[in-house]
Amino acid sequence: MLVMKERLKKVVYKQKEVLIIDYSDEKEAGMIEIIQSAKEFILRENKKVLVLSIFNHNNFVSPRFMRQVEKQVKETEHLIGKNAITGISDVQQWIVKGINLWHKSQLHPFDSVDKALDFLVS
């Protein structure tokens, strides 16, 4: 697993800050560690944030991970301006639609990082 700092990073894109959360190639335990670190980071910053979550074909979204996502989102959704995700399968996109039914902070899937970043800063 990469150092957590490399999994969470703030970038400036078109003059706006975006928090990038990179889950690529992580297994369940690593993904849970990353989302917990992201929650802590967002709460510590205590200001509105644009979030881009990056997944790839090596990630498996387990029920345990999804429970953590639900918990972390409830604690941070008041600070999330826009939320985008890339690298998920068609089945995972259906899971995202289900998540969106229950949370104010809507998660928007995109085919590429560039499209997701453009959406976030628009």
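The structure displayed is predicted, hence computed values, not measured ones.

**Student:** Would you mind going over the overall build of the protein chain with me for this structure?
**Tutor:** In terms of helices and strands, the protein chain carries 5 helices and 5 strands. Ordered by position from the N terminus, the helices and strands of the protein chain form the series α-β-β-α-β-α-β-α-β-α. Taking 2.2 N^0.38 as the reference for a compact globule, 122 residues should give roughly 14 Å; the C-alpha atoms of the protein chain span a radius of gyration of 13 Å, in line with that estimate. Principal-axis analysis of the C-alpha atoms gives the protein chain an extent of 35 × 25 × 25 Å. For the protein chain, the residues scored as buried account for 48% of the 122 residues in total. Contacts spanning at least 24 positions in sequence make up 76% of the contacts within the protein chain whose residues lie at least 6 apart. Split by element, the accessible area of the protein chain, about 7,200 Å² in all, is 55% carbon and sulfur.

**Student:** Looking at this model, I keep getting lost on the environment of Leu-120. Mind explaining?
**Tutor:** Relative to the helices and strands, Leu-120 resides in helix α5 (residues 113-121). Once the C-alpha coordinates of Leu-120 and Leu-50 are considered, the two residues, 70 residues apart in sequence, prove to be 6.3 Å apart.

**Student:** Hey, could you run me through the sheet that holds strand β4 (residues 80-86) in this one?
**Tutor:** Spatial strand order, β1-β2-β3-β4-β5: 5 strands in an open sheet with mixed pairing. Sheet topology places β1 (8-13) and β5 (107-110) at the edges, where each strand pairs with a single neighbour. Here the average twist between neighbouring strands, direction ignored, is 30°.

The rules we used
- Each chain carries its own residue numbering, running from 1 in the written order of its sequence.
- Two thresholds apply to this predicted model, a pLDDT of at least 70 for residue-level local features and 80 or more for giving and counting side-chain atom pairs, whereas whole-chain, interface and lining totals are computed over all residues.
- The basis for every side-chain value is the complete set of heavy atoms in the structure, and neither hydrogens nor water enter the calculation.
- In this text, helices come from DSSP runs of H or I with a minimum length of four residues, and strands from runs of E with a minimum of two, each type numbered from the N-terminal end.
- In this description the radius of gyration comes from C-alpha coordinates, and the expected globular size is given by 2.2 Å times residues to the power 0.38.
- A 1.4 Å probe rolled over the protein chains alone gives each residue an accessible area, and that area as a share of the maximum for its type sets the label: buried under 20%, exposed over 50%, partly exposed in between.
- Contacts were defined at the residue level, with two residues in contact if any of their heavy atoms lie within 4.5 Å.
- In these tables, accessible area is a Shrake-Rupley quantity obtained with a 1.4 Å probe, and a residue counts as shielded only by the protein chains included in the view.
- Whether two strands pair comes down to DSSP finding at least two bridges between them.
- As a rule, the C-alpha atoms of each element are fitted with a line to give its axis, helices using only the stretch in contact, and angles between N-to-C directions run from 0 to 180 degrees.

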